Amino acid sequence: SYLSWPGEQQLLEGGHPHHPTAFWAGGARNASMSSEGEGAVDAGAQRREGDAEQQHAAVVPAAAWHGRRMRVTALFLLLCVALLPVVQAGTFISGSVRWEKVKDNTARFDVVTYWRRSFSPFMDGNAKPGDKIDIIAQSTVSLNFGDGSAPHFLLATVTNINEDEDWLEAVTTYEHTYATPYAKKELVAAYSDATSGAPVTEQQYRAEYTPWVATLAGCCRYTTITNDPDKPFLMRSHVNLESSARSPDARLLPTISVKPHSSFKASVTAPLYQPQSMINNTQALRFSWCPSSSWTNPGAAEVELNAVTGMVMWKGTTSSVWYHLCVQGSIDSVMSEVDFMVYVLAPGVLLPTCTSVEFDGLPTYGYVGYRLPFVVEAFYPGAEGNVTIAVGYRSRMQEGVGVANGVKFTVASTSRVDGKAVGMIDYLVPDWAQGWVAVCFLSYLTHEPTIKSPMECLDLVLQKDERTQMSTTTPDEFKVHTPLGQVLPNTYSMREGQALPLMVRAFKPPKDDVISLVLSGDSNGDGMLDVSEAALAYPNVTHPPWGASLEVIKGGHNASFRISYVPPRSFTGAEVRLCVKARGAAGMYRNIEDTELCIHITVQRCVWTVQESENLVAIAQSVGVSWLQVWNYNKEGLSRPDLDLTKGQSLKVGQMYQVAKGDTLANMAGRFSTSVDMILRMNADLEHSALLLPDQLVCITFNSCKSDMIA
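Quantities reported herein were computed from a predicted structural model and do not represent experimental measurements. (Residues numbered from 1 in each chain as written. Predicted model: local features only at pLDDT ≥ 70, side-chain atom pairs only at ≥ 80, totals over all residues. Heavy atoms only, no water.)

**Some words on the pattern of salt bridges**
Next up, step 1: Under the defined criterion, the tally for this structure stands at 23 salt bridges.
Next up, step 2: Two residues, glutamate 163 and arginine 117, come together in a salt bridge whose shortest N-O distance is 3.8 Å. Here glutamate 163, found in the loop between strand 8 (155–162) and strand 9 (167–177), pairs with arginine 117, found in the loop between strand 4 (106–116) and strand 5 (132–134); they are 46 residues apart in sequence, far enough to count as distant.
Next up, step 3: The class of glutamate 163 is exposed, set by a relative accessible area of 61%. (Salt bridge = Lys/Arg side-chain N within 4 Å of Asp/Glu carboxyl O. Helix = DSSP H or I, 4+ residues; strand = E, 2+ residues; numbered from the N terminus. Buried < 20%, exposed > 50% of the residue type's maximum accessible area, 1.4 Å probe, protein only.)

Set out below in structure tokens:
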């Protein structure tokens, strides 16, 4: 067979072709055309033109001229037929176009197509993941952005192959900038509703958009399909960068098998939405057949499409035949089409099963830079070693195959024992894959690939990596309350010498994350703050939290840590701030950020906590008073001061004084037979130049023989 060309009819009628286009079909060059062949045609045309001039110059008789012209024509036609390559059968299986807004009027397009892998132009039929191929089938395949710009011919990356079904998946990514975010915008008059028979008085306007229409076109469809065999294909995607930032996204496998009177879902997602939001939502994702201008619909007697759910019901009874279907998914005034093939099985065929242990009907949440593992199990009775698993569209591979972690989807292992197969799908969420997507899979028999299980799809909601969430817990005795009884978060009150048992919980949703927690300023990483580290980390703080320590209780993505802190002597009345930083583990695509949590500690005045083996004499010496004075402050609880002290016990080491109007540090020191330095030691938050306020509380140690007047 051969391809016709524009000059053929003219040549048969005795004329000349105006241009040497013998190897062009519908304006598109055949993939097997060679530059050497083009030169031969050009040279032949020049020779024939020269012959014609000589014949005209000789003024031969009309009959002789006519005979010679016919002989030249016949020879030229035979030459064309001899040079023409044999046209191969249609190789296109499935395809779709989706886009996302990059910025302003720029969109990034992903073109996903499936072809017969054994087609010789595709690396001699041996294309494998990572190969770059020119998508030139029976005619050139191109993406037209719809704004009058030059079309893009497809140079694609092979991202998936199926040797059993003889197909390859090829993905091409382009960026394109439009002059405007939409092709056209019109304001259409709309009137407010009249009520109670009153006339309409207010006129309003609503915007109606005409989107850009990007098209994927080429030839030819698969030869074996019942509708449109060997015909050109055309898929569209509407682009409106004002009404939406992303188009619907098709996720079906390229070939699906279905029994008569059974159904499957045309898996198309709306990436900007949550799957649950589509339920009972009038603005939700809607489904429809593609226009009849681009394909032949098998008809309502054969197949029906539910506009709300996307369920495809096969009603026809004809079996053992292939069809192709074309479905539109629409939302937010934008639309994308997907074209795929369906094989109708005989009613009694036993099908394999295919399920995922993660499939519970609810979406699974994933995070950028973290892995989503899935286990898929297939089973077919009596098919030992012949059942396997296929996974659908695997997202674009921006970095390509061959780089570290470049393959975003991998079937890590597939085992076949006694008619069972187990697939491990490991998905590393890249930084550009966000929103609602779906992973679709099915099982089939390797020796008869048309015998497939129903397609299952897992809805995934992909999000940016979240910062670590932290919370604290501690016994009630340390908590501080507002006047209304509400607990102040991360704010605690404790005594000098008392240990604060603080638990910190650090959480990140990705289950494969490992959270680390450090004390702010712990430069050597030993889990403790020494004096020099605390001074550097808290340079403008009078009482830095030296002596604080950190202990890991449980690791992972839901980690817990214990922080211990004991305010030392001379911190009575001090305000202490202690901070910790948490972060997740480093990894590809992850944006590592520290999350800092600071706690605020108020050290109670005039109270000390008994340490191991301490007695009143040692405590009194550390305060700078006599042991009798300390005993006097605690008579009610210490009937035998030499025996009654226990570790952790609370002891008063002074008394609280309420500042009166006109009080100063100096006159208080004189009144209570103490010194200003002693008052400052017992009140770490005061300075020599401190301005005392009426009703302010300070801790005083005084000579009770001279004055016991305490306000």
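**What to know about the packing of aromatic side chains**
Next up, step 1: Here the structure, examined in full by the defined rule, presents 16 aromatic pairs.
Next up, step 2: Look at tyrosine 114 and tryptophan 167: their rings are 5.4 Å apart centre to centre, the planes differ by 85°, and that puts the pair in the edge-to-face class. One end of the pair, tyrosine 114, is in strand 4; the other, tryptophan 167, is in strand 9, with 53 residues separating them in the sequence. Side by side, tyrosine 114 and tryptophan 167 carry an identical accessibility label, which is buried.
Next up, step 3: With a centroid separation of 6.2 Å and an interplanar angle of 80°, the aromatic rings of phenylalanine 264 and phenylalanine 340 are classed as edge-to-face. Here phenylalanine 340 lies in strand 22 (residues 334–344) and phenylalanine 264 lies in strand 16 (residues 262–265), a separation of 76 residues in the sequence.
Next up, step 4: Note on phenylalanine 264: relative accessible area 6%, which makes it buried.
Next up, step 5: Every member of this aromatic cluster is reached through a ring pair, and the members are Phe92, Trp115, Phe119, Phe122 and Phe233.
Next up, step 6: One cation-aromatic arrangement involves arginine 569 over tryptophan 608; the distance from NZ or CZ to the ring centre is 3.8 Å.
Next up, step 7: Here arginine 590 stacks its cationic end above the ring of tyrosine 370, 3.7 Å away from the centre of that ring. (Phe/Tyr/Trp six-rings, centres within 6.5 Å; stacked < 30°, edge-to-face > 60°. Lys NZ or Arg CZ within 6 Å of the ring centre and 35° of its normal.)

**So, the pairing of strand 25 (residues 371–379)**
Next up, step 1: What you see with strand 25 is a clean split: Leu372, Phe374, Val376 and Ala378 sit on the buried side and Arg371, Pro373, Val375, Glu377 and Phe379 on the side with no burial.
Next up, step 2: Across 4 bridges, strand 23 (residues 353–356) lies against strand 25 in antiparallel orientation. Paired with threonine 355 across the two strands is glutamate 377, which belongs to strand 25.
Next up, step 3: In this structure, strand 25 lies alongside strand 28 (residues 420–428), joined through 9 bridges in antiparallel fashion. Bridging across to strand 28, leucine 372 finds its partner in tyrosine 427. (Pairing = 2+ DSSP bridges.)

**Here's the deal with helix 5 (residues 616–623)**
Next up, step 1: Taken residue by residue, helix 5 has Leu616, Ile619, Ala620 and Val623 as its buried positions. The arc that holds the buried residues of helix 5, viewed along the axis, is 100°, so those residues lie on one side.
Next up, step 2: Against the buried residues of helix 5 lie strand 40 (595–609), helix 6 (627–633), strand 41 (650–652) and helix 8 (676–682).
Next up, step 3: Its side-chain oxygen at 3.2 Å from the backbone nitrogen of valine 617, asparagine 615 defines the N-terminal cap of helix 5.
Next up, step 4: Trailing helix 5 by a residue or two, glycine 624 shows a phi angle of about 100°, which is positive. (Arc of directions from axis to C-beta. Contact = heavy atoms within 4.5 Å. Polar contact = N/O pair within 3.5 Å; in protein donor to acceptor, adjacent residues only side chain to side chain.)

**Here we look at the state of the cysteines**
Next up, step 1: Scanning the entire structure with this criterion turns up 5 disulfides.
Next up, step 2: Each sulfur in the disulfide pair cysteine 290 and cysteine 326 lies 2.1 Å from the other. In this structure, the disulfide formed by cysteine 290 and cysteine 326 twists by about -70° around the S-S bond and is classed as left-handed. Of this pair, cysteine 290 sits in the loop between strand 18 (286–289) and strand 19 (303–305) while cysteine 326 sits in strand 21 (residues 321–331), and the two are 36 residues apart along the sequence. With respect to class, cysteine 290 is no different from cysteine 326; both count as buried.
Next up, step 3: Cysteines bonded in the protein chain are numbered consecutively along the chain; their disulfide partners then correspond to 1-2, 3-4, 5-6, 7-8, 9-10. (Disulfide = S-S within 2.5 Å.)

**Description of the side chain of aspartate 663**
Next up, step 1: Among the structural elements, aspartate 663 can be located in the loop between strand 42 (655–658) and helix 7 (665–671).
Next up, step 2: From its side chain, aspartate 663 meets the backbone nitrogen of alanine 660 in a polar contact 2.8 Å long.
Next up, step 3: When neighbours within four sequence positions are excluded, aspartate 663 is seen to be in contact with Tyr657, Met668, Arg671 and Leu692.

**Topic: the environment of aspartate 594**
Next up, step 1: Locating aspartate 594 in the fold gives a position in the loop between strand 39 (575–583) and strand 40.
Next up, step 2: Remark: the alpha-carbon pair of aspartate 594 and threonine 468, spanning 126 residues in sequence, is separated by 7.8 Å.
Next up, step 3: A polar contact of 2.7 Å, which involves the side chain of aspartate 594, links it to the side chain of arginine 583.

This is a description of form; function is not addressed.
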